[in-house]
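# Coordinate analysis (summary)
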Amino acid sequence: MSKVFHITLTQGRADTLYLEANTKSDVLSFLSAITTAVISNIKEVVFSKDYNINYIPQTVEQTTSFKVVSVFALSEHYAETFELYNVKHTVTKEQIIKQIKNLMILHENIIDVASVTFYD
């Protein structure tokens, strides 16, 4: 089974490349035969998304709620940001505004909502 190796070659500057081979000695003998650059580093790649080595793709889970809904509310003299967690996707901005206006900030009724931001 072939492996992927990360190689650094130096000759005035350092360059890196990836080669596929069975062993590190195969890589070394191949490069020694074709280049005058100094082989300064050879490492076997043990994890890589690009080469699909020991990588398990993460599936995006479908959620039925927003992670956070941020609501910036105003009273006559104060302002407050409310963070609402796990809000259902079926809840609308208008519903949130209507319910937030029933609350108070430091004993003053909320008179306006400046912004409502949904985060998935």
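Before reading further, recall that the structure is shown in the block above.
Conventions and cut-offs
- Residues numbered from 1 in each chain as written.
- Predicted model: local features only at pLDDT ≥ 70, side-chain atom pairs only at ≥ 80, totals over all residues.
- Heavy atoms only, no water.
- Helix = DSSP H or I, 4+ residues; strand = E, 2+ residues; numbered from the N terminus.
- Rg over C-alpha atoms; globule rule 2.2 N^0.38 Å.
- Pairing = 2+ DSSP bridges.
- Axes fitted to C-alpha atoms, helices over the stretch in contact; angles between N-to-C directions.
- Contact = heavy atoms within 4.5 Å.
- Core = buried A, V, L, I, M, F, W, Y, C linked by side-chain atoms within 4.5 Å.
- Buried < 20%, exposed > 50% of the residue type's maximum accessible area, 1.4 Å probe, protein only.

## Quick word on the overall build of the chain
Regarding its fold elements, the chain presents two helices and eight strands. Starting at the N terminus and walking to the C terminus, you meet the elements of the chain as β-β-α-β-β-β-α-β-β-β. Taking 14 Å as the expected radius of gyration for a compact globule of 120 residues, we find that the chain reaches 29 Å, considerably beyond that expectation. Overall, the chain is about 80 × 35 × 20 Å in size when its C-alpha atoms are taken along their principal axes.

## Things to note about the sheet that holds strand β8 (residues 112-119)
Taken in spatial order, the three strands make up an open sheet running β5-β4-β8, and their pairing is antiparallel. Looking at which strands have only one partner, the edges of the open sheet turn out to be β5 (79-88) and β8. Ignoring which end each strand starts from, the neighbouring axes of this sheet average 20° apart. In this sheet, β5 lies alongside strand β4 (residues 65-74) in antiparallel orientation, the contact comprising nine bridges. Looking at β5, one finds that valine 68 is bridged to tyrosine 85. Each of β4, β5 and β8 touches helix α2 (residues 93-100); the most contacted strand, β8, lies at about 135° to it.

## Here we look at the nonpolar core
Judged by nonpolar contacts, Phe66, Val69, Val71, Ala73, Phe82, Val87, Ile96, Ile100, Ile105, Ile110, Val113 and Val116 together constitute the single largest core of 12 residues. Apart from the residues within four sequence positions on either side, valine 113 is in contact with Val71, Phe72, Ala73, Ile97 and Ile100. In terms of nonpolar packing, the next biggest core, distinct from the first, is built from eight residues, Val27, Leu31, Ala37 and Ile42 among them.

## A few points about unusual backbone geometry
Of note in the backbone geometry, asparagine 52 takes a positive phi value of approximately 55° without being a glycine. Of note, the phi angle at asparagine 86 is positive, near 55°, even though the residue is not glycine. Within the secondary structure, asparagine 86 sits in strand β5. Residue classification places asparagine 86 among the exposed residues on the basis of a relative accessible area of 57%.

Such coordinate-based values are descriptive only and should not be taken to indicate function.
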